Amino acid sequence: MAGTSEGPAIGIDLGTTYSCVAVWHRDRIQIIPNDQGHRITPSCVAFNETEHLVGDAAVNVLAMNPANTIFGAKRLIGRRFSDPLVQTDVKHWPFKVICGAHDKPIIVVTSKGQKKNCTAEQVSSMVLTKMKKIAEDFLGVPVKNAVITVPAYFNDSQKRATRIAGCISGLNVLRIIVEPTAAAVAYGLDNMFSSSEEKNVLIFDLGGGTFDVSILTMEKTTFKVKSIAGDTHLGGEDFDDRMVNHFVKEFERKHGKVVSDNPRALGRLRTACERAKRNLSFMSHTTVAIDCFYDGVDFESKITQAKFEELNMDLFKECIGHVEKCLNDADMDKTSIHDVVLVGGSTRIPKVQELLKDFFNGKELCKSIHPDEAIAYGAAVQAANLTGQGNPEIQDLVLWDVTPLSLGISTLDDNMSVVVPRNTIIPTKKERGFTTSSDDQTSVTFRVFEGERPKTSDNILLDKFVLSGIPPAPRGVASINVYFDIDVNGILTVSAKDKASGNENQITISNVTGILSKEEIDRMLEEAERFKLEDEELKTKMDAKNSLERYIYGTRATILSKKLPDSKARILEDEIKSAIKWLDEQKVIEVDVFEKKRKDLESIWNPIISKF
């Protein structure tokens, strides 16, 4: 049920490559532009000797500072370092990722001359802080509450890690919702509220780092997910990687120079490849050109749309395979789908659209919602709904999501005993009976898994807990009920109760390899606050420096406009040149130094200028 809360609540699409923020404002949803005027912000963080940069500013230094510029952190969140997908990404990234405690991936950068270890949650929190600041600057008031989106195929650990990132950024995360559902809300607001007719809609969401496909039944303000499929490691960045590998091989073949170990060169190439990928969405061919690419050698090469498609055709077809699986899970055929809605920047790729259209026998694809903004739009609608804002139609909004993967318990023979089948509508609570496996057993260890394989060893271990105090009895006599409770955020709590003794135990899944401890979270909260104070202090210092710089150059302009006598003009010009040189040489930025320098210059220059 919606309720009133303090201040506006925002919706944030925390993307792999770009993020977007929206809010219910002046009786409508507004996508909020950042300080550069862009409606999407790169999910990129960079560290240097004086500060950390987020968004467009971070992307601008990627080529110069690749080892300390982090992108794609969403692909690490809630994962193990030993995960084969993480190992694949590490080979492509210019920054360093090491194995931390409990097999947790740790990003290593140099910040202010010192080594700094960052988690994916911490990097994501910096991006969320940026989105929060964008919203506050737009609204003119502090923002506390937010709805954040995640890919539909994110597991419990990844959802929790995202919520923790929100906490570190200073946000109260009202709800975690999945991206296709948020996009469906955006589509529904434009197309459904005027009609009571029920429609089956397929959301095809191909972004920078993840791919989701969902089928929803939509009627007026009720959105019910029927099935979901996808891959949390498939998207535009993978297409970029294919292009980077292609051009690296071409350069090394032509020039006999090994460039694959040079992070700076690869960083520049990756930026050029992403730009080329965008161009190929509306051009038949484009050129990748980089001056002094490596060892003084320029690089220039053409790539056609056909070649780009050849490099990535297996990935494009993999997307269509997930569409077919989603239809099968929903027990629907192609003709049951009324609309196929495109979401995510990578859906602009012509071959992706062509394959999808062919799969649906020539059906026209729906492009009525903005692919980069729809998810944030839907999240903002949900935020308005939860905080009692918006119009009556928004307040009546009902969302029914489903579980992306089956959840269950490992039995003695390594079998997966499913308690919650995949595509179960949430929130939900499921119960299943278990018993002891040996005589006089007084405790049972429950290992909770997620996945579709019959053997738990092939699935994902979420966590485990022990139920003790079971009265000794022959094998199979004890009666133990196990409950799986999934809340509206998709967060799972598992409990077990022995009927005879009444003893019970429960665990809210926290996957030790992907979730931070309370101490770590507290430390990161303190660090985030310190970053905030440092940023404010740096801004004060830069304002003082800029004020001095404006005064110096303003004085030079005044000299030219007032036409001072040659003798006076030469004296001031020499002093201005000296002041500019002094300003350029200042390595340490201190407010009082710049303020004193300005006062000294004003005491000398102002009396001279005021006489003329």
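Residues numbered from 1 in each chain as written. Predicted model: local features only at pLDDT ≥ 70, side-chain atom pairs only at ≥ 80, totals over all residues. Heavy atoms only, no water.

## Section: the overall build of the protein
For step 1, the next point in the chain: In terms of regular secondary structure, the protein is built from 14 helices and 28 strands.
For step 2, the next point in the chain: With the C-alpha coordinates aligned to their principal axes, the bounding extent of the protein is approximately 105 × 60 × 55 Å.
For step 3, the next point in the chain: Here the protein, with 612 residues, has 53% of them falling under the buried criterion.
For step 4, the next point in the chain: Residue pairs at least 24 apart in sequence account for 67% of intrachain contacts in the protein once pairs closer than 6 positions are excluded.
For step 5, the next point in the chain: Accessible surface for the protein amounts to roughly 27300 Å². Of this, 49% is attributable to carbon and sulfur atoms. (Helix = DSSP H or I, 4+ residues; strand = E, 2+ residues; numbered from the N terminus. Buried < 20%, exposed > 50% of the residue type's maximum accessible area, 1.4 Å probe, protein only. Contact = heavy atoms within 4.5 Å. Areas by Shrake-Rupley, 256 points an atom, 1.4 Å probe, with all protein chains shown as cover.)

## Digging into the pairing of strand E28 (residues 504-508)
For step 1, the next point in the chain: Where strand E27 (residues 492-498) and E28 come together, five bridges link them in antiparallel fashion. Bridging across to E28, Lys-497 finds its partner in Glu-504.
For step 2, the next point in the chain: Counting the residues in the hairpin turn of E27 and E28 gives five residues, including Gly-502, whose phi is positive at 80°. (Pairing = 2+ DSSP bridges.)

## What about the pattern of salt bridges?
Close approach of charged atoms allows side chains of opposite charge to pair.
For step 1, the next point in the chain: Scanning the entire structure with this criterion turns up 25 salt bridges.
For step 2, the next point in the chain: In this structure, the salt-bridge partner of Arg-79 is Asp-83, at a minimum N-O distance of 3.1 Å.
For step 3, the next point in the chain: In this structure Arg-79 comes out as buried when scored by relative accessible area, which is 10%.
For step 4, the next point in the chain: The class of Asp-83 is buried, set by a relative accessible area of 19%.
For step 5, the next point in the chain: By sharing partners, the salt bridges in this structure join Arg-75, Asp-89 and Asp-238 into a single network. (Salt bridge = Lys/Arg side-chain N within 4 Å of Asp/Glu carboxyl O.)

## Structural notes on unusual backbone geometry
For step 1, the next point in the chain: Residues Ile-426 and Pro-427 are joined by a peptide bond in cis, for which omega reads 5°.
For step 2, the next point in the chain: By secondary structure assignment, the location of Pro-427 is in the loop between strand E22 (425-426) and strand E23 (428-434).
For step 3, the next point in the chain: Positioned with a positive phi, Asp-295 is a non-glycine residue whose angle comes to about 55°.
For step 4, the next point in the chain: Even without being glycine, Asn-423 reaches a positive phi, approximately 65°.
For step 5, the next point in the chain: Inspection of the secondary structure puts Asn-423 in the loop between strand E21 (416-420) and E22.
For step 6, the next point in the chain: By relative accessible area, Asn-423 is classed as buried at 14%.

Geometric values such as these leave the question of function open.
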